[in-house]
Amino acid sequence: MTTLDRPEGATWWRGAVVYQVYLRSFADGDGDGLGDLAGLRARLPYLVALGVDAVWINPWYPSPMVDAGYDVSDYRSVDPRYGTLAEAEALLAEAHAAGLRVLLDIVPNHTSDQHPWFRAALAAGPGSPERERYLFRPGRGPGGDEPPNDWTNVAGGAAWTRVTEPDGRPGEWYLHLFMPEQPDVDWTHPEVRADFAKTLGFWFDRGVDGFRIDVAHSLAKQEGLPDAGHGATPGHPAWDRDEVHDIYREWRAVADAYPEPRIFVAEAWVDRPERLARYVRPDELHTAFNFFFLTSPWRAPSLRQAIDETLVEHAAVGAPPTWVLSNHDTARHRSRYAREPGGERGVNLRHLLGRPADLARGARRARAAALLMLALPGGAYLYQGEELGLPEVEDLPVEVLDDPVWRRSGHTDRGRDGCRVPIPWAPGGPPYGFSPPAAAAPPWLPQPPAWEDLAVAVQDGDPASMLELYRAALRLRRAHPALGDGTLRWLEAPDGVLAFARDPGFACVVNVSGRPAPPPTGTDVLLASGPLGPDGAVPEDTAVWLGGQVGG
Ligand code: GLC
């Protein structure tokens, strides 16, 4: 029986484990050094054997690739570098036949500046209907030389760029919360709303099971686009506005019009769990990434707080939490946990890099974190390569950096390439089986020599490997009735130890205390992230799954 036939079909997403395929770095089928659909199709058996329920594929649409595909120029097609629409349809059919669901990534806050709408807006000039799909405004100050307001883009500069009008004169400014090549669209415009709904339907009609929504919290802007001042959220004129929720009620209706469930997961970097829960109210999105967990330092009180607040706020709206440890925007968690935890949080956590690191410790904690995450109630997302224990590549030469953040930050922030390096599939030196033999080009980012031992084929069958830990955990999770969607009950435990039970008959103990901890009595070990003490004690930075009569 495949996952698709399982009786819980209608609510599969409540406890699903979804694997994030960063397409350009997953597997290269045609030998141009860039991952593609052919590569992904060939590796579907790997994902089935890993034991995930679904994949989320980062944007595959035609794009100038200024921001690795988050600058979309055509939402209803496939970039030729990745393949064709026919190959995408074949992938969907093959994934479904193998029991995997497929989520795409929709980018609704902005288009590419090469999108036909934006090109038409530039050509048509001020006051034209073409400009109304975006946020064009006259500048402030003498001659309109100053941006219309004080908003900044994510790389730190002004969120506005001034255009040269068709008559050659400096003219209006347009808003871009991200790069200048990513102009924000105006979500109050009916045509914008209708067109994105059409895009959802286009892919749903082809069998796509859902969408990850890129920067889901930025679509609605406050009327009049006032200055942000000190920029605190909630209350910021651009981020996490209450008006954004109307859009998701519309999207939910689009999804619900299909007999088989079509689902959404929001990428929303909001301030508090209570704000996040608003995105997953019953008539809105199904799930939302939990970045409070992702950004928590490896300390018990902080992890416990992220978990507790999330559980409470999600339960209040009847939605399952969605746990995640890494993605294509954040420093890889093995490398984060290799640093002694500071109390500080940050969006991408790259500030941790560069500090003294103990990667062996990072790997132990990453193993424990995986068992913690996969034991929590709700769903989870894995970022490709975490199941191999890949670290962040921190020493990419600056000449190869591709992320626009590097350039736009004035070369102060190296950007996100270090977590995007192509996957090692086989030993034997780069490209480590990422590209076919005799490929025409090397991988788009260079792979480090130390990745030889992390290759899939090297870890395969080694019971001590990260890969086999993930496989074992996912196998148990699928078979155990207590895991996935549901609730938890905290157990009494020494300071610095997270211990909880899930019914029926399951417990998880995660030792973040720095000292060995006893397991709960009356339990049997189902799986441990590392060797246990002779008396069954759980060493520091170790997690254990237990079965049996759990008291406490
Ligand atoms: C999201 C994406 C990120 C992208 C940004 C702009 O945060 O995950 O990769 O750069 O949106 O689309």
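Reading the values: the criteria
Residues numbered from 1 in each chain as written. Predicted model: local features only at pLDDT ≥ 70, side-chain atom pairs only at ≥ 80, totals over all residues. Heavy atoms only, no water. Pairing = 2+ DSSP bridges. Helix = DSSP H or I, 4+ residues; strand = E, 2+ residues; numbered from the N terminus. Axes fitted to C-alpha atoms, helices over the stretch in contact; angles between N-to-C directions. Contact = heavy atoms within 4.5 Å. Buried < 20%, exposed > 50% of the residue type's maximum accessible area, 1.4 Å probe, protein only. Near = heavy atom within 4 Å. Polar contact = N/O pair within 3.5 Å; in protein donor to acceptor, adjacent residues only side chain to side chain. Areas by Shrake-Rupley, 256 points an atom, 1.4 Å probe, with all protein chains shown as cover. Nonpolar A, V, L, I, M, F, W, Y, C, P; charged D, E, K, R; others polar. Parallel < 35°, antiparallel > 145°, perpendicular 65-115°, else oblique. Left-handed = near helix turned anticlockwise from the far one by under 90°. Phe/Tyr/Trp six-rings, centres within 6.5 Å; stacked < 30°, edge-to-face > 60°. Domains from an automatic or database assignment. Salt bridge = Lys/Arg side-chain N within 4 Å of Asp/Glu carboxyl O. Core = buried A, V, L, I, M, F, W, Y, C linked by side-chain atoms within 4.5 Å. pLDDT = per-residue confidence, 0-100.

K.L.:
How should I be thinking about the sheet that holds strand 11 (residues 379-383) in this particular structure?
P.N.:
Remark on secondary structure: sheet strands pair via backbone hydrogen bonds, oriented parallel or antiparallel. In space, the 8 strands of this closed barrel follow the order 1-2-3-7-8-9-10-11, with parallel pairing throughout. Adjacent strand axes in the sheet meet at a mean angle of 25°, parallel and antiparallel pairs treated alike. Sheet analysis places strand 9 (residues 287-290) next to strand 10 (residues 322-324), joined by 2 bridges and oriented parallel. Residue Phe289 lies in a different strand from strand 10, and its bridge partner there is Thr322. The strands touched by helix 6 (residues 244-256) within the sheet are strand 3 (101-106), strand 7 (210-213) and strand 8 (263-266), with strand 8 carrying the most contacts at an inclination of about 150°.

K.L.:
I would appreciate a short explanation of the environment of Ala450 in the present structure.
P.N.:
Tracing the chain through its elements places Ala450 in the loop between helix 12 (404-408) and helix 13 (456-459). Considered as a pair, Ala450 and Leu40 are 410 residues apart in the sequence and their alpha carbons are 24 Å apart.

K.L.:
Even after reading the chapter, I still don't get the pairing of strand 13 (residues 497-502), so can you show me in this structure?
P.N.:
On any regular strand, side chains alternate: one points to one face of the sheet, the next to the other face. Strand 13 sits mainly inside the fold: 6 of its 6 residues count as buried. Burial along strand 13 is two-sided: the face carrying Val497, Ala499 and Ala501 and the face carrying Leu498, Phe500 and Arg502 are both buried. Linking strand 13 back to strand 14 (residues 506-511) in an antiparallel pair, the connection comprises 3 residues, with Gly505 at a positive phi of about 65°.

K.L.:
Quick question: what am I supposed to make of the sheet that holds strand 5 (residues 160-164) here?
P.N.:
Ordered by their spatial adjacency, 3 strands build an open sheet running 4-6-5, and the pairing between neighbours is antiparallel. Each edge of the open sheet is held by one strand with a lone partner, namely strand 4 (136-137) and strand 5.

K.L.:
Is there a simple way to explain the site of the ligand in this structure?
P.N.:
In the vicinity of the ligand lie 13 residues, with Asp67, Arg212, Asp214, Glu267 and Asp329 positioned nearest. Glu267 places a polar side-chain atom, nitrogen or oxygen, 2.8 Å from an oxygen atom of the ligand. Within the side chain of Arg416, a nitrogen or oxygen atom sits 2.9 Å from an oxygen atom of the ligand. When the ligand is considered free in solution it has 300 Å² of accessible area, and contact with the protein chains removes 96% of it. Looking at the shell around the ligand residue by residue, the class counts come to 3 nonpolar, 3 polar and 7 charged.

K.L.:
Can you walk me through the packing of helix 11 (residues 359-375) against helix 14 (residues 466-479) in this structure?
P.N.:
The description of two packed helices rests on the angle between their axes and on the distance between the axes. In the contact formed by helix 11 and helix 14, the axes pass within 10 Å of each other and the chain directions differ by 10°. The orientation of helix 11 relative to helix 14 falls into the category roughly parallel. Contacts between helix 11 and helix 14 involve Ala363, Ala366, Arg367, Ala370, Leu371, Met373 and Leu374 from the first element and Met466, Leu469, Tyr470, Ala473, Leu474 and Arg477 from the second. Looking at side-chain class alone, the contact of helix 11 with helix 14 contains 11 nonpolar, no polar and 2 charged residues.

K.L.:
Can you walk me through the packing of helix 5 (residues 190-205) against helix 6 in this structure?
P.N.:
At a minimum axis distance of 10 Å, the contact between helix 5 and helix 6 shows a crossing angle of 30°. As judged from the angle between their axes, helix 5 and helix 6 are roughly parallel. At the point where helix 5 passes helix 6, the crossing takes the right-handed sense. Taken together, the residues of helix 6 that come into contact with helix 5 (itself represented by Arg193, Phe196, Ala197, Leu200 and Phe204) are Asp246, Ile247, Glu250, Trp251, Val254 and Ala255.

K.L.:
Help me out: how do you make sense of the packing of aromatic side chains in this one?
P.N.:
The geometry of an aromatic ring pair is captured by the separation of the ring centres together with the interplanar angle, meaning the angle of the planes. For the coordinates displayed, the defined rule picks out 30 aromatic pairs. Seen in terms of ring centroids, Trp56 and Tyr381 are 6.1 Å apart; in terms of plane orientation they differ by 65°. Their pairing is edge-to-face. One end of the pair, Trp56, is in strand 2 (residues 54-57); the other, Tyr381, is in strand 11, with 325 residues separating them in the sequence. The exposure classification of Trp56 matches that of Tyr381, with both residues buried.

K.L.:
Whenever I open this one, the pairing of strand 9 confuses me. Can you help?
P.N.:
Examined bridge by bridge, strand 8 and strand 9 share 2 bridges and lie parallel to one another. The residue of strand 9 that forms the bridge with Val265 is Thr287.

K.L.:
I would appreciate a short explanation of the domain arrangement of the chain in the present structure.
P.N.:
Accessible area lost on assembly of the parts is the figure often given for the size of an interface. Domains assigned within the chain are domain 1 (116-175) and domain 2 (487-548). For domain 1 and domain 2, the distance between their C-alpha centres works out to 57 Å.

K.L.:
I tried to follow the side chain of His236 on my own but got confused; where do I start?
P.N.:
Inspection of the secondary structure assignment puts His236 in the loop between strand 7 and helix 6. Engagement of the side chain of His236 in a polar contact is seen with the backbone nitrogen of Ala238, the distance being 2.8 Å.

K.L.:
Before we go on, may I ask you to explain the pattern of salt bridges in this structure?
P.N.:
Counting across every chain of the model gives 45 salt bridges. Between Arg24 and Asp402 there is a salt bridge, with its nearest N and O atoms 3.9 Å apart. Taken as a pair, Arg24 in the loop between strand 1 (17-21) and helix 1 (37-42) and Asp402 in the loop between strand 11 and helix 12 lie far apart in primary sequence, 378 residues in all. One salt bridge connects Arg416 with Asp403, and the closest N-O pair in it is separated by 2.7 Å. One end of the pair, Arg416, is in the loop between helix 12 and helix 13; the other, Asp403, is in the loop between strand 11 and helix 12, and 13 residues separate them in sequence. Its relative accessible area of 14% is what places Arg416 among the buried residues.

K.L.:
I would appreciate a short explanation of the nonpolar core in the present structure.
P.N.:
In a soluble, globular protein the nonpolar side chains are often hidden away together inside. Residues Tyr19, Leu47, Trp60, Phe211, Tyr248, Trp251 and Trp545 are the most contacted members of the largest nonpolar core, which totals 152 residues. In terms of residue count, helix 11 provides more of this core than any other element does, 9 residues in total. The residues that make up this core include at least three from each of domain 1 (116-175) and domain 2 (487-548). Among residues more than four places away in sequence, those in contact with Leu47 are Tyr19, Val21, Phe26, Leu40, Val52, Val55 and Leu100. Core analysis: the second largest hydrophobic core is formed by 13 residues, Ala159, Leu175, Val215 and Trp239 among them.

K.L.:
Please clarify how the confidence of the model for the chain should be interpreted in this entry.
P.N.:
Reading predicted coordinates in detail is not appropriate for stretches of low pLDDT. Considering every residue of the chain, the mean pLDDT works out to 95; 97% of them sit at 70 or more. Ranking the helices and strands of the chain by mean pLDDT puts strand 1 first, with 99, and helix 12 last, with 92.

K.L.:
How should I be thinking about the environment of Phe136 in this particular structure?
P.N.:
Note that Phe136 resides in strand 4. Overall, the relative accessible area of 6% leaves Phe136 in the buried class. As a C-alpha pair, Phe136 and Asn149 span 13 residues in sequence and 12 Å in three-dimensional space. With residues up to four places along the chain from it excluded, the contact list for Phe136 reads Phe118, Ala121, Leu122, Arg131, Val163, Glu172, Trp173 and Tyr174.

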